[in-house]
Every structure is written in C-alpha cells, then in structure tokens.
Amino acid sequence: MSTTELPASHAELMDGVYRWQRHIYDLTRKYYLLGRDRLIDGLDVPQGGTVLELGCGTGRNIALAARRYPDARFFGLDISAEMLETANAAIAREGLSGKVKLARGDATDFDAKALFGVEHFDRVFVSYSLSMIPGWEKTVTAALAALAPGGSLHVVDFGQQEGLPRWFRALLRGWLRKFHVSPRASLRDVLESESQRTGATFHFRTLYRDYAWLGVIKIAI
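Every value quoted in this text rests on a predicted model; they were computed, and no experiment measured them. (Residues numbered from 1 in each chain as written. Predicted model: local features only at pLDDT ≥ 70, side-chain atom pairs only at ≥ 80, totals over all residues. Heavy atoms only, no water.)

Undergrad: Help me understand the overall build of the protein, please; the structure alone is not making it clear to me.
TA: When helices and strands are tallied, the protein shows nine helices and seven strands. Out of the 221 residues in the protein, the part that is buried amounts to 56%. Counting only carbon and sulfur atoms, one obtains 52% of the accessible surface of the protein, whose full area is about 10,400 Å². (Helix = DSSP H or I, 4+ residues; strand = E, 2+ residues; numbered from the N terminus. Buried < 20%, exposed > 50% of the residue type's maximum accessible area, 1.4 Å probe, protein only. Areas by Shrake-Rupley, 256 points an atom, 1.4 Å probe, with all protein chains shown as cover.)

Undergrad: Whenever I open this one, the pattern of salt bridges confuses me. Can you help?
TA: Side chains that carry opposite charge are capable of pairing whenever their charged atoms lie near each other. Applying the stated rule across the entire model yields five salt bridges. A salt bridge links Arg67 to Glu94; the nearest nitrogen and oxygen atoms lie 3.0 Å apart. Here Glu94 lies in the loop between helix H5 (81-93) and strand E3 (100-104) and Arg67 lies in helix H4 (residues 60-68), a separation of 27 residues in the sequence. (Salt bridge = Lys/Arg side-chain N within 4 Å of Asp/Glu carboxyl O.)

Undergrad: Sorry, what's going on with the pairing of strand E4 (residues 121-127) here?
TA: Burial runs high along E4: six of the seven residues are buried. The handedness of the E4 to strand E5 (residues 147-158) crossover, carried by helix H7 (residues 136-145), is right-handed. (Right-handed = clockwise from strand over helix to strand, strands pointing away.)

Undergrad: How should I be thinking about unusual backbone geometry in this particular structure?
TA: Glycine aside, a negative phi is what most residues show, and trans is what most peptide bonds show. Unusually for a residue other than glycine, His180 sits at a positive phi of about 60°. The residue His180 is located in the loop between helix H8 (166-177) and helix H9 (187-197) in this model. A residue is classified by how much of its surface remains accessible, and His180, at 40% relative accessible area, is partly exposed. A positive phi angle, close to 55°, is found at Tyr208, a residue other than glycine. As for its placement among the helices and strands, Tyr208 is situated in the loop between strand E6 (201-207) and strand E7 (212-218). Under the relative-accessibility criterion, Tyr208 is labelled partly exposed at 43%.

Undergrad: What is the right way to read the sheet that holds E7 from this model?
TA: Paired through backbone hydrogen bonds, the strands of a sheet run either parallel or antiparallel to each other. The strand order across the open sheet built from seven strands is E3-E2-E1-E4-E5-E7-E6, with neighbouring strands paired in mixed fashion. Each end of this open sheet is capped by a strand with a single partner; those strands are E3 and E6. For this sheet, the mean angle separating the axes of adjacent strands, direction not counted, is 15°. Helix-sheet contacts for H5 involve strand E2 (73-78) and E3, and the interaxial angle to E3 is about 170°. (Pairing = 2+ DSSP bridges. Axes fitted to C-alpha atoms, helices over the stretch in contact; angles between N-to-C directions. Contact = heavy atoms within 4.5 Å.)

Undergrad: Explain H7 to me, please; I cannot follow it from the model alone.
TA: Note on helix geometry: an α-helix contains 3.6 residues per turn, so any two residues three or four positions apart are oriented the same way. When we look at burial in H7, the residues that qualify are Trp136, Thr139, Val140, Ala142, Ala143 and Leu144. Taken together, the buried residues of H7 touch strand E1 (50-54), E4, E5, H9 and E7.

Below is the structure:
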C-alpha cells in the first residue's frame, strides 16, 4: 500500500493524537508501556539478520534494538507522519541512519518489498500498537506473511489486568481511551489461532499480574 493509499481517517487521527504528544511520548510512556525491553532482549536476532517493527512510533524501540543487535538491519513502519518525523530525528541523533530505514505505511496491509527493498524478515515485532490499530488482526496476518523461514513474530501489548485491583483497571482503561487505545481481549486467541494456521510454535506469558501480555510466534524453517 502506497502512502497515497493510506486510510486517511486513521492516519489523520494518529497525526492529530501525536502532533504534540510525540514530543513527550517517550518520557511519559516509560511508566506504563511495560515489557518493551523484555521483548527486545528476547528477539535474539541472528548475525546479519533483518528486523521489522510495525508501528514504530517515535523510534524508541527500534533504536534500542539496533544498539542491542549491532550486526542486524532494522526497518520501521508507522501510519503517522508526525511520529515518523520524531523517529527519523531520533535515529539520526543516535547515529543509526545507516542501519535503520523508516517508511510510512499501514501495518494491516503493506508491501515490504516496495517500501524497504526487503521482502522477508528474520524478526518482526509489534509493541503496544495492536491496541491502537483498527482491524488489528490483519496486522498479525501481515506480520507472519513478512517473516522469513525460521523467523519469529514478537508482540507485547496491554493485557486484561485481571490480577490487579478493579479500580486500577477502570482508571487505566479511562486514561487509554483518551488516546484511542483499546486493550485486545482476544489477542492471545488470535495469536494462537494464527500460529496453528501457519504451523508455527506459540509461546505466551502474562507480565506484571496480567498488566501486559507477551507473545512469540516462531514459524518453521
């Protein structure tokens, strides 16, 4: 999907949400986007491997992963031009422009070959983005289709907070709605179903008393 074909309503919504928020996003989100660093540590990128982040936002995660795996090449996709402006500046500031390439696109329907010149990736990861993407199930399908043999998809996002006080859950959900974020109750089921469909292995764990969910789908070689 080309930039001109992006779903205007969602792209405009995200640009509106993050036009100003992007400047303080990393400072504020570190307190409640939990499990991101654990996901990055678990990528276990092979030497010389390729990694795609869907919904790369400010570039915080992809920059951290690029430093963590210096021999790999990284690619990031986001629907928000505002976020990509911040991400490109962050990548340049970190001196990572030579190994990180960013593009604007829809995570539910993208052509990696057209955007990046790379058709398949050793790792694809999605960090706290599925809870913001309409038709997010298509992102899971598209991510798996973009994997190379033996590759893996890594997802971290909000859980259902079943192990936390009810008042905390209500407060969190109210706060998240202000930013058009909706935790996906069926996330585990969708990941497991997609792993079965593709003949892949599936690993899932809850973090911080069900505050966050972390899932990994590894496809066969």
